[in-house]
Every structure is written in C-alpha cells, then in structure tokens.
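# Commentary on secondary and tertiary structure
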Amino acid sequence: MEPLRQLAKDKLAGKKVYAVMSAKGGVGKSVISSLLALTMGGTTLIDLDIHTMAIPKLFGLEGKLHEVSKNGIEPFEIKTTKIVSLSGIVKDNYVILPGGNQSSIMESLIAYSHIDTNTVIFDLPPGLGDEILVLERITDFTPIVVTTPSKISKKVVDYLMRYLRERGKEPKILVNLAYMDCDGKVVKPFGEYEGFGLPIDPSIEEYIGRIQDYEGAVKEKLKEFIQSL
Amino acid sequence: MHEWSVADAVIRTVIDWADGKKIKVKKVVLGVPSFSFLDVEILKEAFDMMKKDSVLDEAELEVKFKDPKFKCKNCGKEFSLNEVKDQIDSVKSEFGEEYPMHFMPALAPSFIKCPYCGSHDIILESQDMTIDEIQVEENGTVKTVSQG
Ligand SMILES: [Zn+2]
C-alpha cells in the first residue's frame, strides 16, 4: 500500500484541477500558468516542471524555502495565489532523478502540500512524461495545452492532443504569441491557428521576477479564456 | 512537523482500505526509508491524536526503518547508507531538520554521490514509504494482513 498516493488523491478530491501542458518547450507555458493562477485568484499553483522550476523564477521566489507546519508544506503566498515548488525544498540545488524517482517526487510534493484552495493549477514539464501519468492516477484534471502558431509547434501538439482525447479528455488549446493588436488591427505574424489566441506583449519580459505585477494585454485576454472554462 | 503529514497519509490509507467493514485495526506496520530520519516519537504522537473516532481507534503504529541499498550505474559498485553518511549529514546541516530527503527520499541521487567514482547516477531500493502490514480484529479473531 502506498500511503502517499492516497494522501495525494485526498488532497485534490472535490477540487477543480487544471493541468497546463505543452508538447514543446519554450512556448511560454510557465508564464501562462502563472498568469492563469493570478487571474483566476484563490488558486494553488503547483510547479511540476521540476527540471526548469520556472515558476519560482517568474515570481521572484528563487532560493526561498517552504515552511513546514502540521498541515504540511506551506505554499508561498502571493496575492491570493499559493505557490508550491520543488525549488522550495531543494533551494538552488540541481535535481537529478533517475527513472521512477520522478513520479515519486511529484506524488510526495502533492501529498505533503497544504492545499486549501478550491482550484489547483499544475504547471507540467513539456512533452508526455511521468507527470501526466501521475496526475491521471490521482485526479480528474482538465488539460490546458499551450502552443504557439509556428508550424513545428502545431505538429508536435498533435500527438499530445491525440493522447489526451484517447484518455477521454477534452483539452483546451491556448495559443501563445498568436497575434498583435496594432491600433485595433489584428496582425497574425505566424499565420492562422486553431484554439484560443493570446496576444504578443513584449512588455511581459520586464515582469520576469515579478509576474504578479503584470496587468497587460495577455492577462486581459486570459480573463475571457477563463470564462470559457 | 512533516511527521503529521505522514501520520495523516497512513490513517487515510488504512481507513480507505478498511472501507467501512466491521473490523478493528490493532496494529499498522509502516516501512520508511531510514535516511528520511522521521522522528518516531512525533509520528506516533500525531498518529494517536489523529486516529480517534475511526476504525484505527485502538491501533498501534509500528515503524520499521528500511536501510536503502545504493548502486552506482556508472561504476557498478554497491554501497550502504553508512558509506554516504557524511554526505547526508552535510545536507542536513545545510537545510536543517526539514532537509529535502526527509520529505522525499527519492531526491537522494540529487544530493548523494557514489563514494567510489563521484557519479550521481545512482539507483536505490526501498525509497518509498509503504504500509507493510495491518493487524485487524474481525469477529473476535485477530489476523495479520500483509501488504505487498
Ligand atoms: Zn560509482
């Protein structure tokens, strides 16, 4: 019997769970997960992308350690968003995980975290790995697939969509860098796309390390997307 | 403090397993990796506080520490916990009581190097916490149910 899996299941029971994933790295998935969590409000954002751990970097939480109470690992709190990351356990150390260790780490991270919000958002590493299988074992999640309008992204997102649909899920597609708004005129520099498009906003770069302060066009558009969930 | 989460996990798992059957759990044997250095006193205290009004009301918790066996995939040598004790101690002194492997024994390869060749490419057995045995009383008879 594996008590951690049971605890992880119980921690997510009755909650709305979203898994933000991408087929390919570098599409802005972590920025989008962070902005989704901030825009929804009252959410717990759990960073399962344990190799890049971009979430703590986006929020300026690098090198900070989680506190531990009787309720477990206490998330970092930024506005009404709670954030849990493996980086809050290993500080700035590198993480090397052979084979099966990865799923064990993810299960423990969920099991031991103090989750007291009704909505939980997972930021997954790119591709189809252990993380998706771990989530499938413990919760019924809604997948949000992040992509860009480039040809290669469109091709690689296909297999992820195929897998999710085969598993009975109806993934929502968020297309990052989909268009530019030039004084009311929509320009699509990378061509047409399928899914919910998010605008290009170069000012986001300035908010790396304090993403919680960003209030620009991408966040505005995400409000619309959230209504559709 | 982390011991409370572990006690919670054990209790929830056993309650789920008992599934409302008319049994009394008398004893739960929990296997934990020895280098998580869980505080057994705190764990038992948490277990006793949290078990009340459940099928575990009369249950005793027994903790068995499992010594991990390490094997280096780079040079092929096997080594014991004792041979990497200094490495574990230095992680504990850097992070304090709630050091990473206390929560997640599977993090070991990130913090432990092979004492022979220095590689992090190590595999270890017995890294997960498991409920190995449950003793129950059903219709007055006590029996042991071992868990694979
Ligand atoms: Zn070696």
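Residues numbered from 1 in each chain as written. Chains lettered and ligands numbered in written order. Predicted model: local features only at pLDDT ≥ 70, side-chain atom pairs only at ≥ 80, totals over all residues. Heavy atoms only, no water.

## Concerning the pattern of salt bridges
Residues and elements named next belong to chain A. Taken as a whole, this structure holds 24 salt bridges over all chains when the rule is applied. Two residues, glutamate 107 and arginine 5, come together in a salt bridge whose shortest N-O distance is 2.9 Å. Of this pair, glutamate 107 sits in helix H5 (residues 101-112) while arginine 5 is found in helix H1 (residues 3-12), placing the two residues 102 residues apart along the sequence. On the basis of relative accessible area, glutamate 107 is assigned to the buried category, the value being 6%. The closest approach of N and O atoms between lysine 221 and glutamate 224, which form a salt bridge, is 3.2 Å. On the criterion of helical spacing, the pair formed by lysine 221 and glutamate 224 is a turn pair, its members being 3 residues apart in helix H8 (residues 217-227). When salt bridges with common partners are traced through the structure, they connect Glu2, Arg5, Glu107 and Arg137 into a single cluster. (Salt bridge = Lys/Arg side-chain N within 4 Å of Asp/Glu carboxyl O. Helix = DSSP H or I, 4+ residues; strand = E, 2+ residues; numbered from the N terminus. Buried < 20%, exposed > 50% of the residue type's maximum accessible area, 1.4 Å probe, protein only.)

## Here's the deal with the domain arrangement of chain B
All names here are of chain B. Domain annotation of chain B identifies domain 1 (1-66 + 128-147) and domain 2 (69-125). For domain 1 and domain 2, the distance between their C-alpha centres works out to 28 Å. Buried surface at the junction of domain 1 and domain 2, summed over both partners, amounts to about 920 Å²; 65% is from carbon and sulfur atoms. Among the residues domain 1 hides against domain 2, the three largest losses belong to His2, Phe35 and Phe37. Together they make up 66% of the total. (Domains from an automatic or database assignment. Buried area = accessible area lost by both parts, 1.4 Å probe.)

## Focus: the nonpolar core
The biggest cluster of nonpolar side chains holds 92 residues, and the ones touching the most others in it are Leu86(A), Phe122(A) and Leu107(B). Take this core: its biggest share by element is 8 residues, from helix H1 (residues 2-18) of chain B. In this view, Phe122(A) contacts Leu12(A), Val17(A), Tyr18(A), Ala19(A), Val20(A), Ile46(A), Leu48(A), Ile110(A) and Leu135(A); residues no more than four positions away in its chain are not counted. Listed in part, the 30 residues of the second largest apolar core include Tyr18(A), Val31(A), Ile83(A) and Phe225(A). (Core = buried A, V, L, I, M, F, W, Y, C linked by side-chain atoms within 4.5 Å. Contact = heavy atoms within 4.5 Å.)

## Quick notes on the interface of chain B and chain A
With 35 residues of chain B at the interface, the matching set in chain A holds 29 residues. For the pairing of chain B and chain A, the buried interface totals around 2,900 Å² over both sides, and the portion due to carbon and sulfur atoms is 67%. Inspection of the chain B/chain A interface yields 2 salt bridges. Measuring nitrogen to oxygen at the nearest pair gives 3.1 Å for the salt bridge that ties Asp10(A) to Arg12(B). Counting residues per element, the side of chain B that touches chain A draws most heavily on H1(B), at 11 residues. Tallied by class, residues from the side of chain B that touches chain A come to 20 nonpolar, 9 polar and 6 charged. (Nonpolar A, V, L, I, M, F, W, Y, C, P; charged D, E, K, R; others polar.)

## Structural notes on the UniProt feature "binding site: Ni(2+)" (unreviewed entry) in chain B
UniProt's feature table lists "binding site: Ni(2+)" (unreviewed entry) at His2(B), given in the numbering used throughout. In this fold, His2(B) is placed in helix H1. Among the residues examined, His2(B) registers a relative accessible area of 1% and is labelled buried. The contact partners of His2(B), leaving out residues within four places of it in the chain, are Val68(A), Tyr112(A), Leu38(B), Glu98(B), His102(B) and Phe103(B). (UniProt positions renumbered as here; feature names shortened; annotations may be inferred.)

## With respect to the coordination of the zinc ion
Residues and elements named next belong to chain B. Listed as protein donors to the zinc ion are Cys72 (SG), Cys75 (SG), Cys114 (SG) and Cys117 (SG); their distances from the metal cover 2.3 to 2.4 Å. Metal-centred angles of 104 to 115 degrees between the 4 donor atoms at the zinc ion mark the site as tetrahedral. Mapped onto the sequence, the residues coordinating the zinc ion show the spacing C-x2-C-x38-C-x2-C. Linking cysteine 75 in the loop between strand E3 (69-72) and strand E4 (78-80) with cysteine 114 in the loop between helix H5 (108-111) and strand E5 (122-124), this pair joins segments that are 39 residues apart in sequence. (Donors = N, O, S within 2.8 Å, 3.2 Å for Na, K, Ca; no water. Tetrahedral: all angles 85-135°; square planar, octahedral: opposite > 155°, others 65-115°.)

## Section: the environment of Val28(B)
Residue and element names in this part refer to chain B. Topologically, valine 28 is positioned in strand E1 (residues 24-33). With a relative accessible area of 0%, valine 28 lands in the buried category. In this structure the C-alpha to C-alpha distance between valine 28 and glutamine 135, which are 107 residues apart in sequence, comes to 6.4 Å.

## Thoughts on empty space enclosed by the protein
Applying the stated criterion across every chain, the model contains 1 cavity of 30 Å³ or more. What the largest cavity holds in volume is close to 120 Å³. Contributing to the lining of the largest cavity are 19 residues, with Leu4(A), Tyr112(A), Phe103(B), Pro105(B) and Met129(B) lying nearest its centre. Mapped onto the lining of the largest cavity, the elements with two or more residues apiece are H5 of chain A together with H1, E1 and helix H4 (100-103) of chain B. (1 Å grid on protein atoms, 1.4 Å probe; cavity = no way out; pocket = protein on both sides within 12 Å on 5 of 7 lines; lining within 4 Å. Points joined across faces, edges and corners; volume = space filled by probe spheres on them.)

## Some thoughts on a negative patch on the surface
Residues and elements named next belong to chain B. Taken together, the side chains of Asp39, Glu41, Glu45 and Glu97 make up a negatively charged region of the molecular surface. Mapped onto the secondary structure, glutamate 97 falls in the loop between helix H3 (85-95) and H4. In this structure glutamate 97 comes out as exposed when scored by relative accessible area, which is 60%. (Patch = residues over 30% accessible without salt bridge, like charges linked within 9 Å, V, L, I, M, F, W, Y side chains within 5 Å. Areas by Shrake-Rupley, 256 points an atom, 1.4 Å probe, with all protein chains shown as cover. Lys, Arg positive; Asp, Glu negative; His and termini not counted. Charge placed at Lys NZ, Arg CZ, Asp CG, Glu CD.)

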